[in-house]
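Summary of the model geometry
Residues per chain are reported as follows:
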Amino acid sequence: MALNIILLGPPGAGKGTQAARLVEEAGMVQLSTGDMLRAAVKAGTPIGLQAKAVMESGALVSDEIVNALIDENLAALSPDQGVIFDGYPRTAGQAESLDGLLAGHGRKLDRVIELAVDEDALVDRITGRFSCAQCSTPYHDRYNRPEVGGVCDLCGSNEFKRRPDDNEETVRTRMAEYRAKTAPILPLYDTRGLVARVDGMAPIEEVGAAIDRILAG
Ligand code: AP5
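Bear in mind that the values here come from a model prediction, so they are computed numbers and not experimental data.

**Thoughts on the environment of Arg145**
Structurally, Arg145 is set in the loop between strand 6 (138–140) and strand 7 (160–161). In the structure, Arg145 is positioned 104 residues away from Val41 in sequence and 27 Å away in space, judged by C-alpha atoms. Filtering out sequence-adjacent residues up to four positions away, Arg145 remains in contact with Tyr139, His140 and Asp153. At a separation of 3.3 Å, a polar atom in the side chain of Arg145 contacts the main-chain carbonyl oxygen of Asp141.

Here it is, written out as structure tokens:
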């Protein structure tokens, strides 16, 4: 059966890293609202024009915009494709909308995986992050380098990019937003028995193995 899971954690917790691995190894589909919004900014769409300054400040884009993006992307999937929600939901309003959107597309939420991390380590993780400009595979200057320097492991591209919001000041705002608006949705999922916690400070492979055990259980 196709699983629908949420990866939840502050900026830099490893949501994108683990989602990319699940896409590669388990054939799931990653729905990252951050990636969707960055694509809209790059394409200069009306949504992108609205979102650009908000994202650069580290604040949250409106629930209305991200809910519509998720609805549109869910509609494009076939029922046998499992979904990883990465960076969504981020507010109580989005969590409520997600239940309705999933039901509307004949799906239900199976698991919420919380990546528990030490916030002090996150600035270091985020400011060292880069990704392949071609296929978006995520890397880190110290913790997750390409096997051959300057060559993407997955697609072989020589071009890499860094995000404009990956600077210390913006990261602090993103963390404050997480504490104020996103962390409070965890207890809501906890009361539904959906939350499994993983130590996000462990090495990437160990975090992945812990997630795999939860999904197999
Ligand atoms: P978004 O793109 O979602 O960013 P984020 O939540 O801040 O998360 P990140 O992508 O920074 O972190 P991650 O957890 O994916 O970490 P990663 O795996 O890359 O959102 C950006 C902006 O868009 C928001 O600020 C907001 O404005 C807007 N937005 C998006 N969604 C929204 C929504 N739903 N509502 C409203 N606004 C929205 O890992 C980080 C680095 O650490 C990498 O280099 C990686 O290699 C390394 N790493 C990962 N795991 C480990 C490990 N275990 N050990 C060592 N290093 C590790």
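Still more ground to cover, so stick around.
**Overview of the environment of Thr191**
Here Thr191 is to be found in the loop between helix 8 (186–190) and strand 8 (195–199). Taking C-alpha positions, Thr191 is 35 Å from Lys52, a pair spaced 139 residues apart along the chain. Of the polar contacts made by the side chain of Thr191, one reaches the backbone oxygen of Leu188; its length is 2.7 Å.

**Some words on the sheet that holds strand 3 (residues 83–86)**
Spatially, 2-3-1-4-8 is the arrangement adopted by the five strands of the open sheet, whose pairing is parallel. Strand pairing shows two members of the sheet lacking a second neighbour, strand 2 (29–32) and strand 8, which therefore form its edges. Averaged over all neighbouring strand pairs, the angle between strand axes comes to 25°, with direction disregarded. Two strands pair when backbone bridges link them, and strand 2 and strand 3 are joined in this way by four bridges, in the parallel orientation. Residue pairing for strand 3: Val29 is matched across the bridge by Val83.

**Observations regarding helix 7 (residues 168–182)**
For helix 7, with 15 residues, the first-to-last C-alpha span of 20 Å sits near the 21 Å given by 1.5 Å per residue. Along helix 7, the positions that sit buried rather than exposed are Thr170, Val171, Arg174, Met175, Glu177, Tyr178 and Thr182. In an axial view of helix 7, the angular spread of the buried residues amounts to 160°, which keeps them on one side of the axis. Those residues of helix 7 that are exposed and angled more than 90 degrees off the buried face are Glu169 and Ala180. Of the surrounding secondary structure, the elements contacted by the buried residues of helix 7 are strand 1 (4–8), helix 3 (46–57), helix 6 (119–127), strand 5 (129–132) and helix 8.

**Some words on the site of the ligand**
Every one of the 35 residues lining the ligand counts as a neighbour, but Thr17, Ala59, Arg90, Arg129 and Arg174 are closest to it. For the ligand, a nitrogen atom lies 2.8 Å from a polar atom in the side chain of Thr33. In the environment of the ligand, a nitrogen atom lies 2.9 Å from a nitrogen or oxygen atom belonging to the side chain of Gln94. The fraction of the free accessible surface of the ligand (1100 Å²) that becomes covered by protein chains is 96%.

**Observations regarding the packing of aromatic side chains**
Under the criterion given, the structure shown has four aromatic pairs. Ring centres of Phe130 and Phe160 lie 5.5 Å apart, and the angle between their planes is 80°; this geometry places the pair in the edge-to-face category. A residue pair is termed long-range when its members are at least 10 positions apart, and Phe130 in strand 5 and Phe160 in strand 7 qualify at 30 residues. Phe130 gets classed as buried once you look at its relative accessible area, which sits at 11%. Looking at Phe160, the relative accessible area reads 26%, which means it is partly exposed.

**Details of helix 5 (residues 92–104)**
The end-to-end C-alpha distance of helix 5, which contains 13 residues, comes to 19 Å, matching closely the 18 Å that a straight helix rising 1.5 Å per residue would cover. All of the buried residues along helix 5 are Gln94, Ala95, Leu98, Leu101 and Leu102. Seen from one end, helix 5 has its buried residues packed into an arc of 120°, which puts them on one side. Exposed side chains of helix 5 directed beyond 90 degrees from the buried face belong to Glu96, Ala103 and Gly104. Residues of helix 5 that are buried sit in contact with strand 1, helix 4 (63–75), strand 3 and helix 8. Where helix 5 terminates, the next one or two residues include Gly106, which has phi positive at roughly 70°.

Reading the values: the criteria
Residues numbered from 1 in each chain as written. Predicted model: local features only at pLDDT ≥ 70, side-chain atom pairs only at ≥ 80, totals over all residues. Heavy atoms only, no water. Helix = DSSP H or I, 4+ residues; strand = E, 2+ residues; numbered from the N terminus. Contact = heavy atoms within 4.5 Å. Polar contact = N/O pair within 3.5 Å; in protein donor to acceptor, adjacent residues only side chain to side chain. Pairing = 2+ DSSP bridges. Axes fitted to C-alpha atoms, helices over the stretch in contact; angles between N-to-C directions. Expected span 1.5 Å × (residues − 1). Buried < 20%, exposed > 50% of the residue type's maximum accessible area, 1.4 Å probe, protein only. Arc of directions from axis to C-beta. Near = heavy atom within 4 Å. Areas by Shrake-Rupley, 256 points an atom, 1.4 Å probe, with all protein chains shown as cover. Phe/Tyr/Trp six-rings, centres within 6.5 Å; stacked < 30°, edge-to-face > 60°.

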